Amino acid sequence: MSTLTIATDPEDATAAEAVQAHHTQLAGELAGRVTMLVTAAEKDPATADGIRSGLVAFCDRDLLPHATAEESALYPVARELPGARLLIDGMLAEHRRIGALVDALRAAGPAARTAADARALQVLFEEHVEKENGLILPLLAGAPDVSLAGLLGGMHELLGGGEDEEAASGEGGGCGGTCGCGGSDDTDVPELDVRDVPHSLRHATVFGALEAVPAGRAMVLVAPHDPLPLLRQIEGRHPGVFAVDYRERGPEAWRLLFTRR
(Lines give C-alpha, C1' and ligand atoms only; values in the text may rest on other atoms or scores of the structure.)
Protein backbone atom coordinates (compact mmCIF):
# COMPACT_ATOMS: atom_id res chain seq x y z
CA MET A 1 0.00 0.00 0.00
CA SER A 2 3.07 2.22 -0.36
CA THR A 3 3.04 4.52 -3.36
CA LEU A 4 5.79 6.74 -4.75
CA THR A 5 4.51 10.31 -4.83
CA ILE A 6 6.22 12.95 -6.95
CA ALA A 7 5.89 16.27 -5.15
CA THR A 8 6.87 19.82 -6.04
CA ASP A 9 8.03 20.47 -2.46
CA PRO A 10 9.86 18.25 0.09
CA GLU A 11 7.32 19.12 2.78
CA ASP A 12 4.53 17.95 0.49
CA ALA A 13 6.35 14.66 -0.12
CA THR A 14 6.72 14.16 3.63
CA ALA A 15 3.04 14.95 4.19
CA ALA A 16 2.00 12.47 1.48
CA GLU A 17 4.13 9.76 3.08
CA ALA A 18 2.54 10.45 6.47
CA VAL A 19 -0.97 10.07 5.03
CA GLN A 20 0.03 6.85 3.25
CA ALA A 21 1.43 5.47 6.53
CA HIS A 22 -1.85 6.31 8.28
CA HIS A 23 -3.76 4.58 5.48
CA THR A 24 -1.63 1.48 6.09
CA GLN A 25 -2.40 1.52 9.79
CA LEU A 26 -6.14 1.96 9.23
CA ALA A 27 -6.37 -0.71 6.52
CA GLY A 28 -4.33 -3.17 8.56
CA GLU A 29 -6.32 -2.75 11.74
CA LEU A 30 -9.57 -2.99 9.80
CA ALA A 31 -8.38 -6.21 8.13
CA GLY A 32 -7.44 -7.77 11.46
CA ARG A 33 -10.76 -6.91 13.08
CA VAL A 34 -12.73 -8.15 10.07
CA THR A 35 -10.79 -11.43 9.99
CA MET A 36 -11.64 -12.06 13.63
CA LEU A 37 -15.31 -11.24 13.04
CA VAL A 38 -15.61 -13.52 10.01
CA THR A 39 -13.91 -16.36 11.88
CA ALA A 40 -16.14 -15.88 14.92
CA ALA A 41 -19.25 -15.87 12.74
CA GLU A 42 -18.20 -19.26 11.37
CA LYS A 43 -16.77 -20.96 14.48
CA ASP A 44 -17.95 -19.13 17.59
CA PRO A 45 -21.07 -16.98 16.98
CA ALA A 46 -21.37 -16.27 20.72
CA THR A 47 -18.34 -13.97 20.54
CA ALA A 48 -19.18 -12.40 17.17
CA ASP A 49 -21.38 -9.62 18.56
CA GLY A 50 -18.68 -8.31 20.86
CA ILE A 51 -16.20 -8.28 18.00
CA ARG A 52 -18.77 -6.50 15.82
CA SER A 53 -19.21 -3.84 18.50
CA GLY A 54 -15.46 -3.32 18.65
CA LEU A 55 -15.30 -3.00 14.87
CA VAL A 56 -18.04 -0.37 14.86
CA ALA A 57 -16.27 1.54 17.64
CA PHE A 58 -13.04 1.49 15.60
CA CYS A 59 -14.91 2.84 12.57
CA ASP A 60 -16.54 5.59 14.64
CA ARG A 61 -13.26 6.53 16.31
CA ASP A 62 -10.86 6.32 13.34
CA LEU A 63 -12.27 5.33 9.96
CA LEU A 64 -15.21 7.70 9.60
CA PRO A 65 -13.39 10.77 11.04
CA HIS A 66 -10.64 10.08 8.51
CA ALA A 67 -13.18 10.20 5.68
CA THR A 68 -14.71 13.41 7.07
CA ALA A 69 -11.28 15.03 7.28
CA GLU A 70 -10.56 14.11 3.65
CA GLU A 71 -13.79 15.75 2.57
CA SER A 72 -13.02 18.97 4.42
CA ALA A 73 -9.27 19.30 3.81
CA LEU A 74 -8.40 17.58 0.54
CA TYR A 75 -11.37 16.98 -1.72
CA PRO A 76 -12.54 20.59 -2.25
CA VAL A 77 -9.08 21.61 -3.47
CA ALA A 78 -8.52 18.45 -5.53
CA ARG A 79 -11.91 18.82 -7.20
CA GLU A 80 -10.84 22.15 -8.73
CA LEU A 81 -7.75 20.68 -10.38
CA PRO A 82 -7.95 19.87 -14.11
CA GLY A 83 -9.65 16.56 -14.82
CA ALA A 84 -10.26 15.67 -11.16
CA ARG A 85 -13.94 16.53 -10.71
CA LEU A 86 -15.34 13.09 -11.62
CA LEU A 87 -12.67 11.33 -9.58
CA ILE A 88 -13.55 13.31 -6.45
CA ASP A 89 -17.26 12.76 -7.01
CA GLY A 90 -16.56 9.03 -7.15
CA MET A 91 -14.52 9.17 -3.94
CA LEU A 92 -17.35 10.99 -2.18
CA ALA A 93 -19.77 8.29 -3.34
CA GLU A 94 -17.45 5.66 -1.87
CA HIS A 95 -17.48 7.52 1.45
CA ARG A 96 -21.26 7.24 1.45
CA ARG A 97 -21.01 3.49 0.79
CA ILE A 98 -18.46 3.11 3.58
CA GLY A 99 -20.81 4.93 5.95
CA ALA A 100 -23.72 2.73 4.88
CA LEU A 101 -21.73 -0.44 5.57
CA VAL A 102 -20.76 0.82 9.03
CA ASP A 103 -24.44 1.56 9.70
CA ALA A 104 -25.31 -1.98 8.57
CA LEU A 105 -22.75 -3.34 11.05
CA ARG A 106 -24.19 -1.07 13.73
CA ALA A 107 -27.61 -2.67 13.23
CA ALA A 108 -26.37 -6.04 14.57
CA GLY A 109 -28.03 -8.46 12.16
CA PRO A 110 -27.42 -12.22 11.82
CA ALA A 111 -23.78 -13.28 12.15
CA ALA A 112 -23.42 -14.37 8.52
CA ARG A 113 -24.79 -11.07 7.18
CA THR A 114 -22.62 -9.10 9.59
CA ALA A 115 -19.55 -10.99 8.40
CA ALA A 116 -20.44 -10.28 4.77
CA ASP A 117 -20.93 -6.56 5.48
CA ALA A 118 -17.61 -6.44 7.33
CA ARG A 119 -15.72 -8.10 4.48
CA ALA A 120 -17.36 -5.73 1.97
CA LEU A 121 -16.25 -2.78 4.11
CA GLN A 122 -12.69 -4.08 4.18
CA VAL A 123 -12.51 -4.56 0.41
CA LEU A 124 -14.07 -1.17 -0.33
CA PHE A 125 -11.79 0.67 2.08
CA GLU A 126 -8.66 -1.00 0.72
CA GLU A 127 -9.62 -0.05 -2.84
CA HIS A 128 -10.46 3.46 -1.66
CA VAL A 129 -7.09 4.12 -0.03
CA GLU A 130 -5.30 2.71 -3.08
CA LYS A 131 -6.94 5.50 -5.07
CA GLU A 132 -6.10 8.01 -2.35
CA ASN A 133 -2.46 6.97 -2.44
CA GLY A 134 -2.12 6.52 -6.19
CA LEU A 135 -4.31 9.32 -7.52
CA ILE A 136 -5.42 11.97 -5.02
CA LEU A 137 -2.19 12.50 -3.09
CA PRO A 138 0.06 12.65 -6.19
CA LEU A 139 -2.42 15.03 -7.82
CA LEU A 140 -2.26 17.44 -4.87
CA ALA A 141 1.45 17.03 -4.15
CA GLY A 142 2.34 17.66 -7.79
CA ALA A 143 0.15 20.75 -8.23
CA PRO A 144 2.46 23.82 -8.23
CA ASP A 145 -0.12 26.11 -6.66
CA VAL A 146 -1.19 23.69 -3.88
CA SER A 147 0.57 23.08 -0.56
CA LEU A 148 -0.38 19.58 0.53
CA ALA A 149 1.50 20.08 3.81
CA GLY A 150 -0.50 23.25 4.41
CA LEU A 151 -3.81 21.48 3.74
CA LEU A 152 -2.91 18.73 6.22
CA GLY A 153 -1.39 20.90 8.93
CA GLY A 154 -2.28 19.51 12.36
CA MET A 155 -5.00 17.15 11.12
CA HIS A 156 -4.37 13.97 13.13
CA GLU A 157 -7.39 12.31 11.46
CA LEU A 158 -5.38 12.30 8.22
CA LEU A 159 -1.82 12.11 9.50
CA GLY A 160 -2.29 9.73 12.41
CA GLY A 161 -0.71 9.97 15.83
CA GLY A 162 2.68 8.45 15.05
CA GLU A 163 2.84 5.45 17.39
CA ASP A 164 0.50 3.22 15.42
CA GLU A 165 2.16 4.04 12.12
CA GLU A 166 5.57 3.35 13.66
CA ALA A 167 4.36 0.00 14.89
CA ALA A 168 2.71 -0.85 11.59
CA SER A 169 5.93 -0.25 9.73
CA GLY A 170 7.84 -2.59 12.00
CA GLU A 171 9.70 0.09 13.98
CA GLY A 172 9.46 0.95 17.62
CA GLY A 173 10.28 -0.86 20.80
CA GLY A 174 8.63 -2.61 23.67
CA CYS A 175 9.92 -4.66 26.56
CA GLY A 176 9.47 -8.11 25.05
CA GLY A 177 6.66 -10.60 24.62
CA THR A 178 5.27 -12.66 27.47
CA CYS A 179 5.65 -16.36 26.89
CA GLY A 180 3.16 -18.60 28.63
CA CYS A 181 2.16 -22.22 28.64
CA GLY A 182 -1.07 -22.26 26.68
CA GLY A 183 -3.82 -24.64 27.64
CA SER A 184 -6.41 -23.67 25.04
CA ASP A 185 -7.90 -26.11 22.58
CA ASP A 186 -6.83 -24.71 19.21
CA THR A 187 -9.74 -26.28 17.33
CA ASP A 188 -12.11 -23.48 18.34
CA VAL A 189 -9.52 -20.69 18.31
CA PRO A 190 -9.54 -18.27 15.35
CA GLU A 191 -6.41 -18.33 13.23
CA LEU A 192 -4.80 -15.31 11.59
CA ASP A 193 -2.37 -16.35 8.84
CA VAL A 194 -0.35 -13.29 7.82
CA ARG A 195 2.03 -15.03 5.44
CA ASP A 196 0.13 -13.68 2.43
CA VAL A 197 -0.60 -10.27 3.97
CA PRO A 198 1.49 -7.48 2.39
CA HIS A 199 4.44 -6.69 4.62
CA SER A 200 3.38 -3.06 5.03
CA LEU A 201 0.03 -4.17 6.50
CA ARG A 202 1.20 -7.17 8.49
CA HIS A 203 1.83 -5.71 11.95
CA ALA A 204 -1.22 -3.43 11.87
CA THR A 205 -3.36 -6.43 10.87
CA VAL A 206 -2.13 -8.38 13.90
CA PHE A 207 -2.77 -5.40 16.20
CA GLY A 208 -6.34 -5.09 14.91
CA ALA A 209 -6.99 -8.80 15.34
CA LEU A 210 -5.64 -8.82 18.89
CA GLU A 211 -7.81 -5.82 19.78
CA ALA A 212 -10.80 -8.00 18.85
CA VAL A 213 -9.85 -10.94 21.14
CA PRO A 214 -12.13 -10.91 24.21
CA ALA A 215 -10.77 -11.44 27.72
CA GLY A 216 -10.15 -15.10 28.43
CA ARG A 217 -10.12 -15.99 24.72
CA ALA A 218 -7.28 -16.70 22.32
CA MET A 219 -6.04 -16.29 18.75
CA VAL A 220 -3.49 -18.27 16.76
CA LEU A 221 -1.04 -16.25 14.66
CA VAL A 222 0.69 -17.93 11.71
CA ALA A 223 3.80 -16.02 10.61
CA PRO A 224 6.51 -16.61 8.00
CA HIS A 225 9.30 -16.11 10.56
CA ASP A 226 9.82 -15.84 14.31
CA PRO A 227 7.99 -12.53 15.04
CA LEU A 228 10.20 -11.29 17.88
CA PRO A 229 9.96 -7.55 16.96
CA LEU A 230 6.19 -7.91 16.75
CA LEU A 231 6.08 -9.53 20.20
CA ARG A 232 8.03 -6.62 21.65
CA GLN A 233 5.59 -4.17 20.07
CA ILE A 234 2.55 -6.07 21.37
CA GLU A 235 3.98 -6.12 24.89
CA GLY A 236 4.73 -2.41 24.60
CA ARG A 237 1.13 -1.68 23.57
CA HIS A 238 -0.51 -4.12 26.01
CA PRO A 239 1.88 -4.83 28.92
CA GLY A 240 1.11 -8.19 30.50
CA VAL A 241 -2.21 -8.59 28.66
CA PHE A 242 -1.35 -11.48 26.33
CA ALA A 243 0.26 -14.80 27.18
CA VAL A 244 2.15 -16.23 24.18
CA ASP A 245 2.75 -19.92 23.54
CA TYR A 246 4.75 -21.17 20.55
CA ARG A 247 2.91 -24.10 18.92
CA GLU A 248 5.24 -24.40 15.91
CA ARG A 249 8.72 -23.01 15.27
CA GLY A 250 9.33 -23.11 11.50
CA PRO A 251 10.84 -23.72 9.11
CA GLU A 252 7.82 -22.93 6.90
CA ALA A 253 5.63 -21.30 9.53
CA TRP A 254 5.74 -20.06 13.09
CA ARG A 255 2.47 -20.67 14.92
CA LEU A 256 1.81 -18.76 18.16
CA LEU A 257 -1.16 -18.87 20.50
CA PHE A 258 -2.06 -15.48 22.02
CA THR A 259 -4.35 -15.68 25.06
CA ARG A 260 -5.82 -12.49 26.52
CA ARG A 261 -5.72 -12.60 30.29
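Residues numbered from 1 in each chain as written. Predicted model: local features only at pLDDT ≥ 70, side-chain atom pairs only at ≥ 80, totals over all residues. Heavy atoms only, no water.

**Comments concerning the overall build of the protein**
Looking only at helices and strands, one finds 10 helices and 4 strands in the protein. Each helix and strand of the protein, placed in order from N terminus to C terminus, yields the pattern α-α-α-α-α-α-α-α-β-α-β-α-β-β. Residues counted as buried form 49% of the 261 residues belonging to the protein. Residue pairs in contact within the protein that sit at least 24 positions apart in sequence constitute 75% of those at least 6 positions apart. When the accessible surface of the protein is totalled, it reaches about 11600 Å², and 54% of it is carbon and sulfur. (Helix = DSSP H or I, 4+ residues; strand = E, 2+ residues; numbered from the N terminus. Buried < 20%, exposed > 50% of the residue type's maximum accessible area, 1.4 Å probe, protein only. Contact = heavy atoms within 4.5 Å. Areas by Shrake-Rupley, 256 points an atom, 1.4 Å probe, with all protein chains shown as cover.)

**Topic: the pattern of salt bridges**
Scanning the entire structure with this criterion turns up 13 salt bridges. As a salt-bridge pair, Arg 33 and Glu 29 come within 3.1 Å of each other at their nearest N and O atoms. Of this pair, Arg 33 and Glu 29 both sit in helix 1 (residues 10-43), 4 residues apart, which is roughly one turn of the helix. Each of the two residues, Arg 33 as well as Glu 29, counts as buried. Residues Asp 103 and Arg 106 are paired through a salt bridge, measuring 3.4 Å at the closest nitrogen-oxygen approach. Of this pair, Asp 103 and Arg 106 both sit in helix 4 (residues 85-106), 3 residues apart, which is roughly one turn of the helix. One connected set of salt bridges, linked through shared partners, spans Glu 29, Arg 33, Arg 61 and Asp 62. (Salt bridge = Lys/Arg side-chain N within 4 Å of Asp/Glu carboxyl O.)

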